[in-house]
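Each chain, written out:
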Amino acid sequence: MSIDVKDRARTALRRLARPLGAPRDPGADDGPRLVRLLRRYEIDLVLDVGAHSGAYGTMLRRCGYEGRIVSFEPLREPRAELRLRAAEDPFWSVLPYALGDRTGPLTLNIAGDAGLSTSALPMLPRRRAAAPHAAYTGTRSVEAHRLDALWEGVTAPGERVFVRLAVQGYEHQVLRGAGAYADEIVGLQAGAALVPLYAGGAGFDDTLAFAREELGLTLMSVRPGLVDPRDGRLLQCELVLLREDATPTDQVPAQAAPAG
């Protein structure tokens, strides 16, 4: 059985087994639309921060993205599966770090949903009540870096960079860690909480304002995420934003004048 067929079967089984209130699979429904956006903006490098076991990178490949992927995952167990997924792909690399606004040890709260909801921030009661299986089970110290300290080592001159963040409320710390390189981020996909879910985590309005005002990005898509199964309320979504003034394929060639 091919790796692609195995991935499709694994995804289908996870959808059937996913508890109520669990996060959706990355790009389960709108992966092709996302990849069309990446293609339109000529993205050739995706930095997948909080990559877990590599479902997001696998989705990108399945939907036709052919550029480079650099995945960051500090937890050993999901990183082992991530490395297996990336092993046969020469344009997909894996780094064992968390990202933030400081370099050094970072304490992560390990979530019970196989680590998917792990965060550097305390989980609030509303988040636990919506998905009890994701409650924290312990802590772990991992190595964290600022993105600006790694930038020249993971990007190449001229690459158009898209950053995907799955960091459970820690988005602003990661983006602040980009420093002077923030202006080189062409696109961003980040979680945005509609109600407080993690202590100190930025909400929807703050995340959208930061991406627009600090990074100069334009909202292109909103993807539903965590839903409270008790009342059907949407608690979190993902925002997809791109730098609208950096659209190389938007220029329409001038038509030639009629002959004669």
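A brief look at the structure comes next. All values derive from a computational prediction rather than experimental measurement.

**Here we look at the overall build of the protein chain**
Next up, step 1: When helices and strands are counted, the protein chain shows 8 helices and 10 strands.
Next up, step 2: Burial analysis of the protein chain (260 residues in total) assigns 50% to the buried set.
Next up, step 3: Long-range pairs, those at least 24 residues apart, make up 71% of the contacts in the protein chain between residues at least 6 apart in sequence.
Next up, step 4: A total accessible area of about 12600 Å² is found for the protein chain, and carbon and sulfur atoms account for 54% of it.

**Overview of the packing of aromatic side chains**
Next up, step 1: Considering all chains together, one arrives at 1 aromatic pair under this definition.
Next up, step 2: Taking the centre distance of 5.3 Å and the plane angle of 15 degrees together, the rings of W151 and Y181 count as stacked. In this pair, W151 is assigned in helix α6 (residues 147-154) and Y181 in the loop between α7 (171-176) and β8 (185-193), connecting sequence segments 30 residues apart. Grouping residues by exposure puts W151 and Y181 together as buried.

**Quick word on the pairing of strand β7 (residues 161-165)**
Next up, step 1: Of all 5 residues that make up β7, 5 are buried, and the element is covered over most of its length.
Next up, step 2: Sheet topology note: the β7/β8 ladder contains 5 bridges and is parallel. Paired with F162 across the two strands is G187, which belongs to β8.
Next up, step 3: Between the parallel pair β7 and β8, the chain is carried across by α7, and the sense of this crossover is right-handed.

**Description of the sheet that holds strand β6 (residues 136-146)**
Next up, step 1: Strand order in the open sheet made by the 3 strands is β4-β6-β5, with mixed pairing throughout. Looking at strand neighbours, the two that pair on one side only are β4 (98-100) and β5 (104-111), the edges of this open sheet. Looking at each pair of strands side by side, their axes are set apart by 50 degrees on average, direction ignored.
Next up, step 2: Two strands pair when backbone bridges link them, and β4 and β6 are joined in this way by 3 bridges, in the parallel orientation. Counted as the bridge partner of A98 is A144 from β6.
Next up, step 3: Sitting on the sheet, α6 touches β4 and β6, and the angle it makes with β6 is about 65 degrees.

**Observations concerning the side chain of E159**
Next up, step 1: Tracing the backbone through its elements, the reader meets E159 in the loop between α6 and β7.
Next up, step 2: For E159, the side chain forms a polar contact with the main-chain nitrogen of A156, separated by 2.8 Å.

**Side note on the sheet that holds strand β3 (residues 92-95)**
Next up, step 1: What the 7 strands build is an open sheet, ordered β3-β2-β1-β7-β8-β10-β9; its pairing is mixed. Across the chains shown, the open sheet's two edge strands, defined by having one partner strand only, are β3 and β9 (218-224). Adjacent strand axes in the sheet meet at a mean angle of 15 degrees, parallel and antiparallel pairs treated alike.
Next up, step 2: With 5 bridges joining them, strand β1 (residues 45-49) and β7 adopt parallel strand pairing. Looking across to β7, one finds that D48 is bridged to R164.
Next up, step 3: Set on the sheet, helix α2 (residues 31-40) makes contact with β1, β7, β8, β9 and β10 (236-242); between it and β10 the angle comes to about 25 degrees.
Next up, step 4: Against the sheet, α6 engages β1, β2 (68-72), β3, β7 and β8, with an angle of about 140 degrees to β1.

**A look at the packing of α2 against helix α3 (residues 55-62)**
Next up, step 1: Where α2 meets α3, the axes come as close as 9 Å, and the angle between the chain directions of the two elements is 75 degrees. One element, α2, and the other, α3, form an angle in the roughly perpendicular class. Each of G31, L34, V35 and L38 in α2 lies in contact with α3, whose residues at this interface are Y56, M59 and L60.
Next up, step 2: Tallied by class, the residues present in the contact of α2 with α3 amount to 6 nonpolar, 1 polar and no charged.

**Quick look at helix α8 (residues 204-213)**
Next up, step 1: Residues of α8 that are buried: T207, L208, F210 and A211. One side of α8 holds all its buried residues, which, seen down the axis, span an arc of 160 degrees. Exposed and oriented more than 90 degrees from the buried face of α8 are D205 and E213.
Next up, step 2: Structurally, α8 contributes buried residues whose contacts are with α7, β8, β9 and β10.

Conventions we followed
- Residues numbered from 1 in each chain as written.
- Predicted model: local features only at pLDDT ≥ 70, side-chain atom pairs only at ≥ 80, totals over all residues.
- Heavy atoms only, no water.
- Helix = DSSP H or I, 4+ residues; strand = E, 2+ residues; numbered from the N terminus.
- Buried < 20%, exposed > 50% of the residue type's maximum accessible area, 1.4 Å probe, protein only.
- Contact = heavy atoms within 4.5 Å.
- Areas by Shrake-Rupley, 256 points an atom, 1.4 Å probe, with all protein chains shown as cover.
- Phe/Tyr/Trp six-rings, centres within 6.5 Å; stacked < 30°, edge-to-face > 60°.
- Pairing = 2+ DSSP bridges.
- Right-handed = clockwise from strand over helix to strand, strands pointing away.
- Axes fitted to C-alpha atoms, helices over the stretch in contact; angles between N-to-C directions.
- Polar contact = N/O pair within 3.5 Å; in protein donor to acceptor, adjacent residues only side chain to side chain.
- Parallel < 35°, antiparallel > 145°, perpendicular 65-115°, else oblique.
- Nonpolar A, V, L, I, M, F, W, Y, C, P; charged D, E, K, R; others polar.
- Arc of directions from axis to C-beta.

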